[in-house]
Amino acid sequence: MAIFPKRFVIAACMLKFAGYFLKSMTVIEHINEAKEPLVSFEILPPLKGKGISAIYDHLDPLMEFKPAYINVTYHRSETMFKKKVDGTFEKVEVRKRPGTVAICAAIMNYYHVDAVPHIICGGFSKNETEDALIDLNFLGVDNVLVIRGDAPKNETFFEPEPGGHRYALDLMKQVVNMNNGIYLEEDLKNAVKTKFCIGVAGYPEKHFEAPNMQTDLAFLKAKVEAGAEYIVTQMFFDNQKYFDFVKCCREKNITVPIIPGLKPVTTKKQLTVIPRTFNVDLPADLSNEIIRCKTDDEVAQVGTEWLLQQSRELKKFGVPVLHYYTLGKPKVICDVVKNL
Ligand SMILES: Cc1cc2nc3c(=O)[nH]c(=O)nc-3n(C[C@H](O)[C@H](O)[C@H](O)COP(=O)(O)OP(=O)(O)OC[C@H]3O[C@@H](n4cnc5c(N)ncnc54)[C@H](O)[C@@H]3O)c2cc1C
């Protein structure tokens, strides 16, 4: 019989112990079991060429806050024009941040924390979506955040892929079908029923393409009626916008949990980049303070304090989860969550 070193045996027992007691849960199960607001993080896949260690370096300092789950964004490929030696340009498709599905599997395996991949309409045919969902199901990932995605950077309007979905609602219906054992191949018999818990996006300041808030809310309600179990909001910097949004949703009988999405401001440049990229406002109190800052270090301090105050108020309000868009700034998020 092989004799193993004592240290090895202890480590193996600990792993087995962790494995026995790690129960993969859906976001809605986490929310339903929680006694107080949970914490969750959203990360981006690293730029192509970087290794998985980039993810661990980013997440390691955040793990002490025991996130209930971690979201991983999805990034479609972009069309770029590359200059050739003869001076002409060639059109190339570049995916800068691949790896969403594999990162989710790595997170669940390495940290024993549930992962929520974002799945998008853009760039996917229905068949490709089905394949991606089968991959997730085989990996034991039972959560998805279903979103449409934006138009590629050099295009004005979102256009679905040939044979793809135009709205998040349509993509959701495909996921719901698979949860009922209905795949694209209609004559498939006794197909496995997936059990994806579906989240969708909501916009306290209205989605930029929606003609008005009422229309946007009607489409949000349609997503919930089709099976979305919770909503994650676009970032906002004025809590009143979130409170008003929740009130409007409840008046429209949208009753699912509404998770606030929170992001720190850390550079002066973001004063213009955030409104332009995400179509949200920064309140005058915050922007005035940032304008007075002389360095980005000072901006980061202001941003951290602002996010902390926002988080404390939201916690008091009784939000289900404080969901932080970490976007490469784990230190700021650590400083906030530590002081909650
Ligand atoms: C929490 C969160 C996470 C995100 N993660 C990612 C990500 O990982 N990758 C990424 O590329 N993007 C991401 N985004 C950005 C998102 O893709 C964009 O905001 C996109 O423009 C809209 O996505 P949606 O799912 O809200 O779209 P939809 O719900 O499809 O809505 C898009 C627009 O169409 C309208 N609409 C909806 N249904 C209909 C209908 N049936 N008829 C007519 N109009 C309709 C809506 O009012 C809205 O104006 C995220 C956004 C949020 C808030």
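The coordinates are above.
The model shown is predicted, which means the values in this text are computed figures rather than measured ones.

Conventions we followed
- Residues numbered from 1 in each chain as written.
- Predicted model: local features only at pLDDT ≥ 70, side-chain atom pairs only at ≥ 80, totals over all residues.
- Heavy atoms only, no water.
- Salt bridge = Lys/Arg side-chain N within 4 Å of Asp/Glu carboxyl O.
- Buried < 20%, exposed > 50% of the residue type's maximum accessible area, 1.4 Å probe, protein only.
- Helix = DSSP H or I, 4+ residues; strand = E, 2+ residues; numbered from the N terminus.
- Pairing = 2+ DSSP bridges.
- Right-handed = clockwise from strand over helix to strand, strands pointing away.
- Core = buried A, V, L, I, M, F, W, Y, C linked by side-chain atoms within 4.5 Å.
- Contact = heavy atoms within 4.5 Å.
- Axes fitted to C-alpha atoms, helices over the stretch in contact; angles between N-to-C directions.
- Phe/Tyr/Trp six-rings, centres within 6.5 Å; stacked < 30°, edge-to-face > 60°.
- Near = heavy atom within 4 Å.
- Polar contact = N/O pair within 3.5 Å; in protein donor to acceptor, adjacent residues only side chain to side chain.
- Areas by Shrake-Rupley, 256 points an atom, 1.4 Å probe, with all protein chains shown as cover.
- Nonpolar A, V, L, I, M, F, W, Y, C, P; charged D, E, K, R; others polar.

Draft legend 1. Representation of the pattern of salt bridges. Taken as a whole and assessed by the stated rule, the structure comprises ten salt bridges. Salt-bridge contacts for Arg148 lead to Asp150; the nearest nitrogen and oxygen are separated by 3.7 Å. Taking relative accessible area as the criterion, Arg148 reaches 12% and is therefore assigned buried. Assessed through its relative accessible area of 44%, Asp150 is described here as partly exposed. A salt bridge links Glu209 to Arg148, with the nearest nitrogen and oxygen atoms 2.9 Å apart. Here Arg148 lies in the loop between β6 (143–147) and α6 (168–179) and Glu209 lies in the loop between β7 (197–202) and α7 (213–225), a separation of 61 residues in the sequence. In this structure, a network of salt bridges that share partners links the residues Glu78, Lys96 and Lys153.

Draft legend 2. Up close: the pairing of strand β8 (residues 230–235). The buried count for β8 comes to six of six residues, which makes it a mostly enclosed element. Note: β7 against β8, four bridges, orientation parallel. Each residue of the ladder has a partner; that of Val200, found in β8, is Ile231. For the handedness criterion, the β-α-β arrangement of β7, α7 and β8 is classed as right-handed. Of the strand pairs in this sheet, β8 and strand β9 (residues 258–262) are connected by three bridges, and their pairing is parallel. Bridge pairing links Val232 to Ile259 in β9. Running through helix α8 (residues 239–251), the crossover from β8 to the neighbouring parallel element β9 is right-handed.

Draft legend 3. Just the nonpolar core, in detail. Within the largest apolar cluster, 62 residues are counted, with the highest numbers of intra-cluster contacts made by Leu59, Ile107, Val144, Val146 and Tyr324. Looking at which element gives the most residues to this core, the answer is helix α4 (residues 100–111), with six residues. Apart from residues no more than four positions distant in its own chain, Val146 is found in contact with Ile119, Ala168, Leu171, Met172, Val175, Ile198, Gly199, Val200 and Ala201. With 30 residues, the next largest nonpolar core counts Phe124, Phe237, Ile274 and Val321 among its residues.

Draft legend 4. View of helix α12 (residues 330–338). Buried within α12 are the following residues: Pro330, Val332, Ile333, Cys334, Val336 and Val337. Elements that come into contact with the buried residues of α12 comprise β1 (38–43), α3 (53–59), α11 (296–317) and β10 (321–325).

Draft legend 5. Structural detail: the sheet that holds β10. Spatial strand order, β1-β2-β5-β6-β7-β8-β9-β10: eight strands in a closed barrel with parallel pairing. Averaged over all pairs of adjacent strands, the angle between their axes in this sheet comes to 30°, without regard to strand direction. In the packing of α8 onto the sheet, the strands contacted are β7, β8 and β9, and the crossing angle to β9 comes to about 155°.

Draft legend 6. Here's a closer look at the packing of aromatic side chains. Applying the stated criterion across every chain yields a total of nine aromatic pairs. Aromatic pair Tyr242 and Phe317: ring centres 6.1 Å apart, planes at 80°, arrangement edge-to-face. With a gap of 75 residues between them, Tyr242 in helix α8 and Phe317 in helix α11 connect regions that are remote in the sequence. On the accessibility criterion, Tyr242 (2% relative accessible area) is buried. One aromatic cluster in this structure is built from Phe236, Tyr242, Phe243 and Phe317.

Draft legend 7. How the structure looks around the pairing of β1. Extensive coverage of β1 is indicated by the burial of six of its six residues. Alternating positions in β1 separate into two faces, Leu38, Ser40 and Glu42 on one and Val39, Phe41 and Ile43 on the other, with burial throughout. Here β1 runs beside β10; their pairing, made up of five bridges, is parallel. Residue pairing in the sheet places Glu42 in a bridge with Tyr325 of β10. One ladder, built from three bridges, connects β1 with strand β2 (residues 69–72); its direction is parallel. In the strand pairing of β2, Phe41 is matched with Ile70. On the question of chirality, the crossover connecting β1 to the parallel β2 by way of α3 is right-handed.

Draft legend 8. Local environment of the site of the ligand. Near the ligand, the surroundings consist of 23 residues, among which Asp150, Tyr203, His207, Asp216 and Lys223 are the closest. In this structure, His118 approaches the ligand through a side-chain N or O atom, which is 2.8 Å from an oxygen atom. In the environment of the ligand, an oxygen atom lies 2.9 Å from a nitrogen or oxygen atom belonging to the backbone of Ala168. In isolation the ligand offers 980 Å² of accessible surface; the protein chains occlude 85% of this area. At the level of secondary structure, the elements contributing two or more residues to the shell around the ligand comprise β5 (114–120), β6, α7 and β8. The leading source of residues in the shell around the ligand is α7, at three residues. Of the residues that constitute the shell around the ligand, the class distribution is 13 nonpolar, five polar and five charged.

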